[in-house]
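As a plain string of letters, each chain reads:
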Amino acid sequence: MKISAIDKNVFINKSSDIVFNGKIYRPYVNENKDCFVHQDSNVLNYQLDEKTHRLKQVNFKYPLHISEALDSIVKSNNSSLQEKFLNLFHPISELKEFSSDLKNISELSCYKVKSLFGLGSFALVFETEDNKVLKITGFNHYPNNRKPDFFDLPIFKHGVSGNTHYYIEEKVSQDNLSQSELRTFIRAIKDKGYRLVDYLLHYDDSDKELTIRTCQFGRAKNGKIYLIDPGCAIAPPKSFFDLKRLKNLLSRKFKF
């Protein structure tokens, strides 16, 4: 997921007062942890990444239906929090549409969310109270409606309402992912003819030793590594044939 940086001064320079019953309250700011506490009805606090200062997480006071969680952000008195979503290409109008589309999906009542912990340019990723992932996007997150392949994180449930797609997935670990095993994994994806995008730290596919962005991958409970952002893998055309790819496959299989 490509995530845009957020200026760390946005909150300090543009914070707005919150007025209840004639009294003025200001959000509590813990500058060491980049944690911002705000007394909205359902929003407990939100956090910024300590290095990039972009929006990292929004925590709710208690588990909510996904529509209620989105409405809590839409109706927040904290304009600074809403600006951070806009800076990540998620305007309030989009959050309203997501909420409206998902409001009457009965099966989502079983998946109350406790936090929003992943924000890409095209997806919002929530953690459920049973430690699964609920991902919502404005379109099918498989590029060109390709089918899931061996490298994609398995989906427990998928549905669409209006223009909004939702996906229930396992919450994976991103600890201890070595560059060497990621390179092996990526080579296997490319061997099937896929073109990979947005997976290198410096966006240069010509050097095989460049650093891979571990945030696009995760290790499931079964120990396997998966690509967690399907948008990174572009499927080959149906007529795909690559002589170099075939030679690489044969050389690794027969070691000649």
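Just above, that's the structure.
Residues numbered from 1 in each chain as written. Predicted model: local features only at pLDDT ≥ 70, side-chain atom pairs only at ≥ 80, totals over all residues. Heavy atoms only, no water.

Caption draft 1: Representation of the side chain of Gln216. Within the secondary structure layout, Gln216 lies in the loop between strand S12 (195-196) and strand S13 (217-219). Side-chain polar atoms of Gln216 contact the backbone oxygen of Asp198, separated by 2.9 Å. (Helix = DSSP H or I, 4+ residues; strand = E, 2+ residues; numbered from the N terminus. Polar contact = N/O pair within 3.5 Å; in protein donor to acceptor, adjacent residues only side chain to side chain.)

Caption draft 2: Broad picture of the environment of Ser161. Among the secondary structure elements, Ser161 is positioned in strand S10 (residues 155-161). Spatially, the C-alpha atom of Ser161 lies 5.3 Å from that of Asp101, the residues being 60 residues apart in sequence. In this view, Ser161 contacts Asp101 and Ile105; residues no more than four positions away in its chain are not counted. Side-chain polar atoms of Ser161 contact the backbone oxygen of Asp101, separated by 2.4 Å. (Contact = heavy atoms within 4.5 Å.)

Caption draft 3: Representation of helix H5 (residues 179-191) within the structure. Look at H5: 18 Å from first C-alpha to last across 13 residues, which is about the 18 Å you get at 1.5 Å a residue. What H5 keeps buried is the set Leu182, Phe185, Ile186, Ile189 and Asp191. Positive phi shows up at Gly193, right after H5, with a value of about 95 degrees. (Expected span 1.5 Å × (residues − 1). Buried < 20%, exposed > 50% of the residue type's maximum accessible area, 1.4 Å probe, protein only.)

Caption draft 4: Broad picture of helix H3 (residues 79-87). Where H3 is concerned, the buried positions are Ser80, Leu81, Gln82, Lys84 and Phe85. Measuring from the side-chain oxygen of the N-cap residue of H3 to the backbone nitrogen of Ser80 gives 3.0 Å; that N-cap residue is Asn78.

Caption draft 5: Highlighting the nonpolar core. If you look at the biggest cluster of nonpolar residues, it comprises 31 residues, and the most contacted ones within it are Leu55, Val58, Phe60, Phe85, Leu124 and Phe126. Per-element accounting of this core gives the leading share, 5 residues, to helix H2 (residues 66-74). Each residue touching Phe60, except ones within four places of it in the same chain, is listed here: Asn42, Val43, Leu44, Ala69, Ser72, Ile73, Val113, Lys114, Ser115, Leu116 and Phe126. Judged by nonpolar contacts, the second largest core, of 17 residues, contains Leu177, Leu196, Tyr199 and Phe217. (Core = buried A, V, L, I, M, F, W, Y, C linked by side-chain atoms within 4.5 Å.)

Caption draft 6: Geometry of the pairing of S10. The sheet contact formed by S10 and strand S11 (residues 164-170) spans 6 bridges and is antiparallel. Bridged to Val160 within S11 is His165. Joining the antiparallel neighbours S10 and S11 is a turn of 2 residues, in which Gly162 adopts a positive phi near 65 degrees. (Pairing = 2+ DSSP bridges.)

Caption draft 7: Seen up close, the side chain of Gln82. Take Gln82: it is sitting in helix H3. A polar side-chain atom of Gln82 sits 3.4 Å from the main-chain carbonyl oxygen of Ser76. Setting aside residues no more than four positions away along its own chain, Gln82 makes contact with Ile73, Val74, Lys75, Ser76 and Ile92.

Caption draft 8: How the structure looks around the packing of aromatic side chains. Scanning the entire structure with this criterion turns up 4 aromatic pairs. On the basis of an interplanar angle of 65 degrees and a centroid distance of 5.7 Å, the ring pair of Phe122 and Phe139 is categorised as edge-to-face. Separated by 17 residues along the polypeptide, Phe122 in the loop between strand S7 (113-119) and strand S8 (123-128) and Phe139 in the loop between strand S9 (132-137) and S10 bring together distant segments of the chain. Residue class for Phe122 comes out exposed when judged on its relative accessible area of 57%. Of the residues examined, Phe139 reaches a relative accessible area of 40% and is grouped as partly exposed. (Phe/Tyr/Trp six-rings, centres within 6.5 Å; stacked < 30°, edge-to-face > 60°.)

Caption draft 9: Quick peek at the environment of His65. Assignment of secondary structure puts His65 in the loop between strand S6 (55-64) and H2. Distance in space between the C-alpha atoms of His65 and Cys110 is 8.4 Å, their sequence separation being 45 residues. Excluding anything up to four places from it in sequence, His65 contacts Leu102, Lys103, Ile105, Leu108, Ser109 and Lys112. Within the local environment of His65, its side chain forms a polar contact with the backbone nitrogen of Ser67, the two atoms lying 3.0 Å apart.

Caption draft 10: Main features of unusual backbone geometry. Although it is not a glycine, His53 adopts a positive phi angle of roughly 65 degrees. Residue Phe89 is not a glycine yet carries a positive backbone phi of 65 degrees. The topology assignment puts Phe89 in the loop between H3 and helix H4 (92-102).

Caption draft 11: How the structure looks around the packing of H2 against H4. Close contact between H2 and H4 brings their axes to 9 Å; oriented N to C, the two are set at 155 degrees. By the angle between their axes, H2 is roughly antiparallel relative to H4. Considering how the two elements wind past one another, H2 and H4 form a crossing that is left-handed. Contact residues: H2 offers Ile66, Ser67, Leu70, Asp71, Ile73 and Val74, while H4 offers Ile92, Leu95, Lys96, Phe98, Ser99 and Leu102. Here the contact of H2 with H4 is composed, by residue class, of 8 nonpolar, 2 polar and 2 charged. (Axes fitted to C-alpha atoms, helices over the stretch in contact; angles between N-to-C directions. Parallel < 35°, antiparallel > 145°, perpendicular 65-115°, else oblique. Left-handed = near helix turned anticlockwise from the far one by under 90°. Nonpolar A, V, L, I, M, F, W, Y, C, P; charged D, E, K, R; others polar.)

Bear in mind that shape data such as this cannot, by itself, settle questions of function.
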